Amino acid sequence: MAHRYRLCPDEAQEAVLQEHCAHARFVWNLAVEQQSWWRPGRGSAPSQGSSSVQQQALRDFDKAMAAFFDPQNPAGKPSYRSRRGTQGFVIRDVKARRLNRNHAEVFVPKCGYVRFRLSRDLPADPRMARVTCDRSGRWHVAFPGPQPAIGRQPAGAVTGIDRGVRTALVTSDGQHYRVPRISDRRAARYLALQRRMSRQRKGSRKREKTRRAMAAITVKVTDRRKDWAEKISTRLVRDHDLIVFEKLRTKDMVRKPKPKLDPDQPGAFLPNRRRQKAGLNRGILASCWGLLATRTEQKAAASGAVVIYIDPRHSSQQCRQCGHIASESRESQAVFRCVACGHEDHADANAAKNVLARGLASLAVPAQAPGLRGVRPRKTPVNPGAAGTTQDAA
């Protein structure tokens, strides 16, 4: 959890901040290069530099490498940082003070005090701060702090969550939530800028100006999605004591399809539905599955609620009424009609009820999810290979 504020540097201060970002990026990339040359038997990579910004960049790299080698929760291998992406650096021994009702300021080495908008109260003891600059050129400062608890009254309410692409979130209570999407006007503007950028020379000022205009469109959409995830996660934790999610491997679900070689024509390839998969990947990433689950879990841990994850296999193909599993039961994106008992329900709501039932069963909770008591799922022998559910549940 971090308290993030909009930073407002002047021109001279912004030049110093950009220099700090360049230093941190250089040290990080140097550490990545040194690590890439490492082999068993050689010494370790360089550890720390001379300045606080460079030292913290190496500390961040050490944490990233530790996460990469963590067998319990491995992360991706650290890669090079580009000056066109999000920039940032960390300052330690922070000095921050409030100026008035709407503004405060933080001391940045070799830059002095930089003003930022006080959108929320400052943490009690900010010992460090991270200064960042996004793709559109907006500066922010974030102070680490504990996740505040959400005011809630335990009432024993439980819910299961089915996450999808068209409808990002459906609860077992029948609530449907959609993620804010980019408008048609902004999408057309972004496409026009993208075409213009493809005709411009790399490294030119006009190309950089076009890239900034594209980034200004994307950050607005990203801010709306983050705001949506914060509000929905707060609502879920405030109204429920137990929240059950499907354990979806989003990183594996958005991988590009592998090319298929044509056995009849050497050097040729068969259609692999690459464009269709790319559209599905964009829909998955735009639905904020990971962000919503992470923020819900963090807020629940601080507020006394419980978040668990269950196996998602066949959750969208199983009838909540009789337990029968068949891919034919899901007639469309929204209609579920069991081929065994004739039970009808919204397809996503039926899947959410199955998610809740599995979560209660894993906890051995005496409460009963919607549906018949004592029903055990059974799979139809007609289509034994039908599994599901990552794309069907979407």
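Provided above is the structure to which this section pertains.
Residues numbered from 1 in each chain as written. Predicted model: local features only at pLDDT ≥ 70, side-chain atom pairs only at ≥ 80, totals over all residues. Heavy atoms only, no water.

Engineer: Whenever I open this one, the overall build of the protein confuses me. Can you help?
Structural biologist: The helix and strand inventory of the protein stands at nine helices and 18 strands. Contacts in the protein between residues far apart in sequence, at least 24 positions, make up 65% of those at least 6 positions apart. A total of about 23,300 Å² of accessible surface is found on the protein, and carbon and sulfur atoms cover 50% of it. (Helix = DSSP H or I, 4+ residues; strand = E, 2+ residues; numbered from the N terminus. Contact = heavy atoms within 4.5 Å. Areas by Shrake-Rupley, 256 points an atom, 1.4 Å probe, with all protein chains shown as cover.)

Engineer: Can you help me understand the nonpolar core in this one?
Structural biologist: Inside soluble globular proteins, nonpolar side chains tend to come together where they are buried. The biggest cluster of nonpolar side chains holds 31 residues, and the ones touching the most others in it are Leu-7, Phe-89, Val-106, Val-108, Phe-116, Val-141 and Phe-143. Looking at this core, the elements with two or more residues in it are helix H1 (11-36), helix H2 (52-68), strand S2 (87-92), strand S4 (103-108), strand S5 (112-117), strand S6 (128-133) and strand S7 (139-144). The biggest single contributor to this core is H1, with eight residues. If we skip the residues at most four places from it in the chain, Val-141 touches His-3, Arg-4, Tyr-5, Leu-7, Val-106, Phe-116, Ala-129, Arg-130 and Val-131. Core analysis: the second largest hydrophobic core is formed by 18 residues, Ile-150, Leu-236, Phe-245 and Ala-305 among them. (Core = buried A, V, L, I, M, F, W, Y, C linked by side-chain atoms within 4.5 Å. Buried < 20%, exposed > 50% of the residue type's maximum accessible area, 1.4 Å probe, protein only.)

Engineer: Looking at this structure, I do not really get the pattern of salt bridges. What am I missing?
Structural biologist: Once the charged atoms of two side chains with opposite charge are near each other, the side chains can pair. Counted under the stated rule, the structure contains 19 salt bridges. For Arg-127, the salt bridge is made with Asp-125, and the minimal N-O distance between the two is 3.1 Å. By relative accessible area, which is 62% here, Arg-127 ends up exposed. Arg-295 serves as the salt-bridge partner of Glu-230, at 2.8 Å between the closest nitrogen and oxygen. Here Glu-230 is found in helix H4 (residues 205-239), whereas its partner Arg-295 is found in helix H7 (residues 289-303), with 65 residues between them in sequence. According to the relative accessible area criterion, Arg-295 is buried, its value standing at 9%. Three or more residues are tied together by salt bridges with common partners; here these are Asp-134, Arg-138 and Asp-223. (Salt bridge = Lys/Arg side-chain N within 4 Å of Asp/Glu carboxyl O.)

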